[in-house]
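Observations on chain architecture
This is what each chain is made of:
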Amino acid sequence: VNSIHSIDNYLDTVCSCIKHREVHEDIKQELRAHLEDIVAEEISSGKSPDEALKAAVYSMGDPISVGSSLNSVHKPRFEWTIGAILCGFLIIALITMQSLKGFVLFENLVRDTIAFSAIGIVFGLVMYLIDYRKLNKLAPMLFGLAILALMYAGSSWPRLNMIAAASPFALVVVAGALLKRHNSNTPKDLAITTAIIGLPALLLQQVPSFTAAAIYLTATMVMLFSLRNDKKRFAIVTVTVAFILLTIVATMHPYAFRRLGSFLNPESDPFGAGFIPLRLTEAIQLGGPWGQRDMAQPGFIPEVHTDFIFTYLIYRYGWFTGLTLAVFAVILLLRLVLVCRSVREPVGKLICIGLTAIFSLHFVGNILMSLGKGPFLALAFPFISYSRLLLVTEIASLGIILGIYRRKDIISANEVSHVQEA
Amino acid sequence: MMVLSLLERRAMYGYEIIKETGALSEGIFQFKEGTLYPVLHGLEAEGLVESYWSDTDNTRRRKYYRLTASGVDHLRHKQKEWSLFTKAVNNVLGGASR
């Protein structure tokens, strides 16, 4: 304690014990205010600045013990369950792709899965380590770019389906920052909120990707709801968005409707809209509890390596395997919900909620569809369905969530002017 | 628990909490003031208090803490436990002195 010769020196010693650098500035400011308060008081009671400093440091206590107990409070958090389930899914994906060798031509499934898992993990790590709050400033620009890209995407990009499927993840992250920023009841903010929710949905429908539009719309509405706005605001936005939704539905091809509803009564049109639901049900019945390991000709399931991978897994390895996968998915979703609840910083919370909503829609929608029990949508089974861009996006999204969780106990001090409750 | 019940009355910053504790306990509770901050940050991580920066009082920017809704619940629970405990102790002491 004797070696402390200035406030800065004391604060540096405290912070040298705190591993997480992002909290240093905050803690220094807070402790500095405290030390300066004591010094000012001691000086006003007649002490010399030197004595006052000594008194302040003395009553504050040993900087190393203060620092190390702050360190244990501010340890970066890691959600091990989510990390472990991600690894599990990636391994299952690899085994699944290996088992499909020879059935899917034109794509090197195993090589791609390994390569794009690795790329995804790199991206995810970057997202995990970068402070997501940097996004706040960039959000309007990123949103503008995304809108331009989607407008341009209408006709000219190859592999459009893949980009459309991955875009809700990216859009929701940006929308999180924007929705928080424009969270008020002024006409301008109401209009902006509606645009943030409606515009990308409309553009995605133009791509055309009804599924991506619906997913983005649902996820952002969940985010808006979680902001606990007053009912009026929620009603205004809902009505506008519902209007947009009607426009989307009105522009849909009649056949798309029949396909969406085909799971309700597949027998009515067994060679048209009901064809795929009937094939899926048949494949699952053939699979039984333990699967058709010898008779591995899954040709009658369409898109076996992408959207219907879950049906394939049940067919090949039985519904016991399917059940296990579904349980993994449920555990992952529950952990994600817990993360959403534990994060208090509003932008991070919104992003987590939006991404969790997207993952939930994917898992639930894909499983129902794969069983022939849900609407026919372009929904992948996250991490397992073969799609290079989607795989990278999904891993990166988990990286963002884990990064927000990692900082949850650090970020909380809001910049609010003091409202005196008398 | 003491910190929570102080914050229930109004939002305070660290130095203020120390002063209040000293004044209310008539100098009986003396501790190294630095140890308050790990406690406050821990309570914040548990969601029992929340903090915000403010500089409206004077020139110095200070970090204020206030109780959250779950902080109030937690405090009520603790107060109930404490009154049960003190009652039991008093009963035993009263019984012994008889």
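Look up: the structure comes first, before these words.
This write-up is about the structure you can find in this document. (Residues numbered from 1 in each chain as written. Chains lettered and ligands numbered in written order. Predicted model: local features only at pLDDT ≥ 70, side-chain atom pairs only at ≥ 80, totals over all residues. Heavy atoms only, no water.)

Description of the pairing of strand E3 (residues 62-67) of chain B
All names here are of chain B.
- Taken across its six residues, E3 has five buried, putting it largely inside the fold.
- Note: strand E1 (residues 12-13) against E3, two bridges, orientation antiparallel. Each residue of the ladder has a partner; that of Met12, found in E3, is Tyr65. (Buried < 20%, exposed > 50% of the residue type's maximum accessible area, 1.4 Å probe, protein only. Helix = DSSP H or I, 4+ residues; strand = E, 2+ residues; numbered from the N terminus. Pairing = 2+ DSSP bridges.)

A look at the packing of aromatic side chains
All names here are of chain A.
- Summed over all chains, the structure comprises 16 aromatic pairs over all chains.
- Relative to Phe359, the ring of Phe169 lies with its centre 5.4 Å away and its plane at 65 degrees, an arrangement referred to as edge-to-face. Remark: Phe359 occurs in helix H16 (residues 346-370) and Phe169 occurs in helix H8 (residues 160-181); sequence separation between them is 190 residues. The same class applies to Phe169 and to Phe359, which are both buried. (Phe/Tyr/Trp six-rings, centres within 6.5 Å; stacked < 30°, edge-to-face > 60°.)

Let's talk about the pattern of salt bridges
- In the structure shown here, the tally under the stated rule is 18 salt bridges over all chains.
- Its salt-bridge partner being Glu79(A), residue Arg335(A) comes within 2.9 Å of it at the nearest N-O pair. In this pair, Arg335(A) is assigned in helix H15 (residues 319-342) and Glu79(A) in the loop between helix H4 (63-73) and helix H5 (80-99), connecting sequence segments 256 residues apart.
- What makes Arg335(A) partly exposed here is its relative accessible area of 28%.
- When its relative accessible area of 5% is taken as the criterion, Glu79(A) is described as buried.
- Across the pair Glu81(B) and Lys78(B) runs a salt bridge, and its minimum N-O distance is 3.7 Å. A residue pair is termed a helical-turn pair when its members lie 3 or 4 positions apart in one helix, as Glu81(B) and Lys78(B) do in helix H4 (residues 69-97) at three residues.
- We classify Lys78(B) as partly exposed; its relative accessible area is 29%. (Salt bridge = Lys/Arg side-chain N within 4 Å of Asp/Glu carboxyl O.)

Here we look at the interface of chain A and chain B
- In this assembly, 29 residues from chain A lie in contact with 30 residues from chain B.
- Taking both partners together, chain A and chain B bury about 2,800 Å²; carbon and sulfur atoms supply 49% of that area.
- Inspection of the chain A/chain B interface yields four salt bridges.
- Among the ionic pairs, Lys19(B) bridges to Glu41(A), the shortest N-O distance being 3.1 Å.
- At the junction of chain A and chain B, the tally comes to 16 residue pairs in polar contact (both at pLDDT 80 or more). (Contact = heavy atoms within 4.5 Å. Buried area = accessible area lost by both parts, 1.4 Å probe. Polar contact = N/O pair within 3.5 Å; in protein donor to acceptor, adjacent residues only side chain to side chain.)

Interpretation in functional terms is not warranted from these geometric data alone.
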